[in-house]
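The lines below spell out each chain.
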Amino acid sequence: MGRNCPGSFDGSRPSPTKRLANVLELARTAESVGLHIVGIGEGHGPHRINQHPFLLLAALCQVTERIRLSTTASVLTTADPVRTAEQLSLLSLLSNGRADLVAGRGALPRDLDLFAVESHLQEEIFEERLDQLLDLLRPGPSELLGEFRDHAHNVELPATGRDPQDLVWAASSGSPRSVLRAAGHGLGVMLNVMEGEWRNLVPYVKAYREALRGFGDHTSARGGLALPALVVPDNITTDPWQAAVELAHPYFSAGARTYGAASPEDPTWSLEEFAAQCAPAGSLLVGGVSDVVEKLSMLHRELDLERILLRVDINGLPHDTAIRTVRLLGDQVLPQLREKHMHGRDSPGRHG
């Protein structure tokens, strides 16, 4: 299937107003079919509608009642920790305690330029701001000391009523430094997989859990995984996996690597390369319901996951296709995973 075939991604997208309405419908649908969490990432640029994840999540508060709401992820490298803590506290209040935050370091070079962050300092800036954010979320006044912002003394913000270690996750693209950072703070680690084999993450999960034990922490381990997904019914054809691969390829092939909008300079996968990414060992969750159930079971068993975040609205994918994925996840995939768990196999994590 080529990029210009009928129904494939041709660079066009609905208006921003329509895309926002689509996000609201995806959240309502996810809650209605029993999924546990909906997340909003952060992105900047002319084609984005998610420049401010907290603002979008506040809108989702008004159309949902039970589902957990999370950023996925908030880029602390380009954000003031006081503002982030204030926004998270307010979102927690608006949502009646349903808010989570995944703190991310990574930012595209153009985003670093936009917020005047020097790229060679982004690791140090992120670590300092993560320390400050966690301190601000604890009860009592904080002393904001550091190298990359003016000092502030006796800073006290509205309480969220939750332990920061429960409220905040640390994002990781699978590097030793990022998983050890999460363990050092006693935070859950949210792994992002974009291409390659997902089993490459196994050593990092082991390093994270061993580091927690080394810090004397035997209770905080929480593993999560974020990855793109598309699910089709098992009865769509005699080969639902192939049908899902061919449907997803034009939309996923450029943007899935960067979790961003496709652009001419993005490297693209051929159909054959993309199919390898969708195979059982690959990084993407694409296939029929049975394919997806088996892959999620493997991911949970091998990575010992508590939470899986699935991105279903990639690069102009038709909205009804994304809605179908959400419905299938709630109506068919999750019940089958629970049934496996009831029979003592492949205990399911939390899926959203």
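Residues numbered from 1 in each chain as written. Predicted model: local features only at pLDDT ≥ 70, side-chain atom pairs only at ≥ 80, totals over all residues. Heavy atoms only, no water.

Engineer: Explain the overall build of the protein chain to me, and be specific about the residues and the numbers.
Structural biologist: Scanning the protein chain from N- to C-terminus turns up 12 helices and 12 strands. Among the 352 residues that make up the protein chain, the fraction classed as buried is 53%. Counting contacts in the protein chain only where the partners sit at least 6 residues apart, residues at least 24 apart contribute 70% of the total. About 15,700 Å² of surface is accessible on the protein chain, with carbon and sulfur atoms providing 52% of the total. (Helix = DSSP H or I, 4+ residues; strand = E, 2+ residues; numbered from the N terminus. Buried < 20%, exposed > 50% of the residue type's maximum accessible area, 1.4 Å probe, protein only. Contact = heavy atoms within 4.5 Å. Areas by Shrake-Rupley, 256 points an atom, 1.4 Å probe, with all protein chains shown as cover.)

Engineer: Describe unusual backbone geometry, and please don't skip the residues or the numbers.
Structural biologist: Thr72 connects to Ala73 through a cis peptide bond whose omega is 15°. Inspection of the secondary structure puts Ala73 in the loop between strand S2 (68–71) and strand S3 (74–75). The backbone of Ala116 shows a phi angle near 55°, a positive value even though the residue is not glycine. Its place among the elements puts Ala116 in the loop between helix H4 (109–114) and helix H5 (122–137). Residue class for Ala116 comes out exposed when judged on its relative accessible area of 71%. Not every positive phi belongs to a glycine, and Asn154 is a case in point at roughly 55°. Tracing the chain through its elements places Asn154 in strand S6 (residues 152–155).

Engineer: Describe helix H3 (residues 81–94), naming the residues involved and giving the relevant values.
Structural biologist: Taking 1.5 Å per residue as the helical rise, H3 with its 14 residues ought to reach 20 Å, and the 20 Å between its terminal C-alpha atoms agrees with that figure. Those residues of H3 hidden inside the fold are in contact with helix H2 (53–61), strand S4 (99–104), H5, strand S5 (142–144) and helix H6 (164–167). Where H3 begins, one side-chain oxygen reaches toward the backbone nitrogen of Val82, 2.8 Å away; that side chain belongs to Asp80. (Expected span 1.5 Å × (residues − 1). Polar contact = N/O pair within 3.5 Å; in protein donor to acceptor, adjacent residues only side chain to side chain.)

Engineer: Tell me about the packing of aromatic side chains, and name the residues and values.
Structural biologist: Under the criterion given, the structure shown has two aromatic pairs. Between Trp269 and Phe274, the ring centres sit 5.9 Å apart and the planes meet at 40°, which makes this aromatic pair tilted. Here the two residues Trp269 and Phe274 agree in accessibility, since each one is buried. Through a chain of ring-to-ring contacts, three or more aromatic side chains come together here, namely Phe252, Trp269 and Phe274. A cation over an aromatic ring shows up here: Arg222 above the ring of Trp169, its NZ or CZ 4.4 Å from the ring centre. (Phe/Tyr/Trp six-rings, centres within 6.5 Å; stacked < 30°, edge-to-face > 60°. Lys NZ or Arg CZ within 6 Å of the ring centre and 35° of its normal.)

Engineer: How would you explain the pattern of salt bridges if you had to name every residue and give the values?
Structural biologist: On inspection of all chains with the given rule, the structure shows 16 salt bridges. Residue Arg68 is joined to Asp100 by a salt bridge in which the shortest nitrogen-to-oxygen separation is 3.4 Å. Residue Arg68 is found in strand S2, and its partner Asp100 is found in strand S4; the two are separated by 32 residues along the sequence. Assessed through its relative accessible area of 22%, Arg68 is described here as partly exposed. Under the relative-accessibility criterion, Asp100 is labelled buried at 1%. Between Arg177 and Glu123 there is a salt bridge, with the nearest N and O atoms lying 3.5 Å from each other. Of this pair, Arg177 sits in helix H7 (residues 176–185) while Glu123 sits in helix H5, and the two are 54 residues apart along the sequence. (Salt bridge = Lys/Arg side-chain N within 4 Å of Asp/Glu carboxyl O.)

Engineer: Describe the environment of Ile314, with residues and values.
Structural biologist: Counting through the fold element by element, Ile314 comes out in the loop between strand S11 (307–311) and helix H12 (319–342). Classification of Ile314 by relative accessible area gives buried; the value is 1%. Measuring from C-alpha to C-alpha, the distance between Ile314 and Tyr251 comes to 6.4 Å, with 63 residues separating the pair along the chain. Each residue touching Ile314, except ones within four places of it in the same chain, is listed here: Pro228, Tyr251 and Phe252.

Engineer: Please set out the packing of helix H1 (residues 16–32) against H2 residue by residue, giving values where relevant.
Structural biologist: Direction vectors running N to C along H1 and H2 enclose 55°, while the axes themselves pass 10 Å from each other. Overall, the two elements H1 and H2 adopt an arrangement that is oblique. In this structure, H1 meets H2 at a crossing whose hand is right-handed. Here Leu20, Val23, Leu24 and Ala27 of H1 come into contact with H2, specifically with Leu56, Ala59 and Leu60. When the residues that make up the contact of H1 with H2 are grouped by side-chain class, the tally is seven nonpolar, no polar and no charged. (Axes fitted to C-alpha atoms, helices over the stretch in contact; angles between N-to-C directions. Parallel < 35°, antiparallel > 145°, perpendicular 65-115°, else oblique. Left-handed = near helix turned anticlockwise from the far one by under 90°. Nonpolar A, V, L, I, M, F, W, Y, C, P; charged D, E, K, R; others polar.)

Engineer: Which residues make up H7, and what values go with them?
Structural biologist: Along H7, the residues classified as buried are Ser178, Val179, Arg181, Ala182 and Ala183. Contact partners of the buried residues in H7: H5, strand S7 (168–172), strand S8 (188–192) and helix H8 (202–214). Backbone geometry just downstream of H7 places Gly186 in the positive-phi region, at approximately 70°.

Purely geometric numbers; function is a separate question.
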